Amino acid sequence: MQPHLLCSVLGYSSSHLAHRLIAEGWQVSGTCGSEDIADSLRELGITAYIFDGEQPVSDLDSILDDVSHIMSSAPPANGHDPVLAHHADIIARHSATLH
């Protein structure tokens, strides 16, 4: 299986990692806060999903079926990690296949 990183939230720092991984043959997906940013990520070969920190990523359960690695670079919101606040149960269900 091709290694596949899902990065939430794919911003400035994590985008540098994404570019390096793509060059090494990885598949990279990421979340971002707007459709404009998602379009820019898609132009770079990154599968993009919208995550505004308020609502969970739609259909994350099936998205994670293909993912081998997760990296969260989302800033805390109200003292909590927004990724875990919305997706902890789904990530836990997939933990056996994640690195």
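What you see is a predicted model, and the numbers here were worked out from it, not measured in a lab.

K.L.:
How should the pairing of strand 3 (residues 47-50) be read in this particular structure?
P.N.:
In summary, the side chains of a regular strand alternate between the two faces of the sheet. Pairing between strand 2 (residues 27-32) and strand 3: 4 bridges, direction parallel. If you follow T31 over to strand 3, its bridge partner there is Y49. Handedness of the crossover joining strand 2 and strand 3 through helix 2 (residues 35-43) is recorded here as right-handed.

K.L.:
For this particular structure, what's the right way to read the pattern of salt bridges?
P.N.:
If charged atoms from side chains of opposite charge come close, those side chains can pair. This structure, assessed with the given rule, holds 3 salt bridges. Notably, a salt bridge pairs D39 with R42, separated by 3.1 Å at the nearest N-O pair. Here D39 and its partner R42 are both found in helix 2, 3 residues apart, which amounts to about one turn of the helix. Residue D39 is classed as partly exposed on the basis of its relative accessible area of 37%. Through salt bridges with shared partners, a single ionic network connects E35, D39 and R42.

Definitions and limits used
- Residues numbered from 1 in each chain as written.
- Predicted model: local features only at pLDDT ≥ 70, side-chain atom pairs only at ≥ 80, totals over all residues.
- Heavy atoms only, no water.
- Pairing = 2+ DSSP bridges.
- Helix = DSSP H or I, 4+ residues; strand = E, 2+ residues; numbered from the N terminus.
- Right-handed = clockwise from strand over helix to strand, strands pointing away.
- Salt bridge = Lys/Arg side-chain N within 4 Å of Asp/Glu carboxyl O.
- Buried < 20%, exposed > 50% of the residue type's maximum accessible area, 1.4 Å probe, protein only.

On their own, these measurements won't tell you what the molecule is for.
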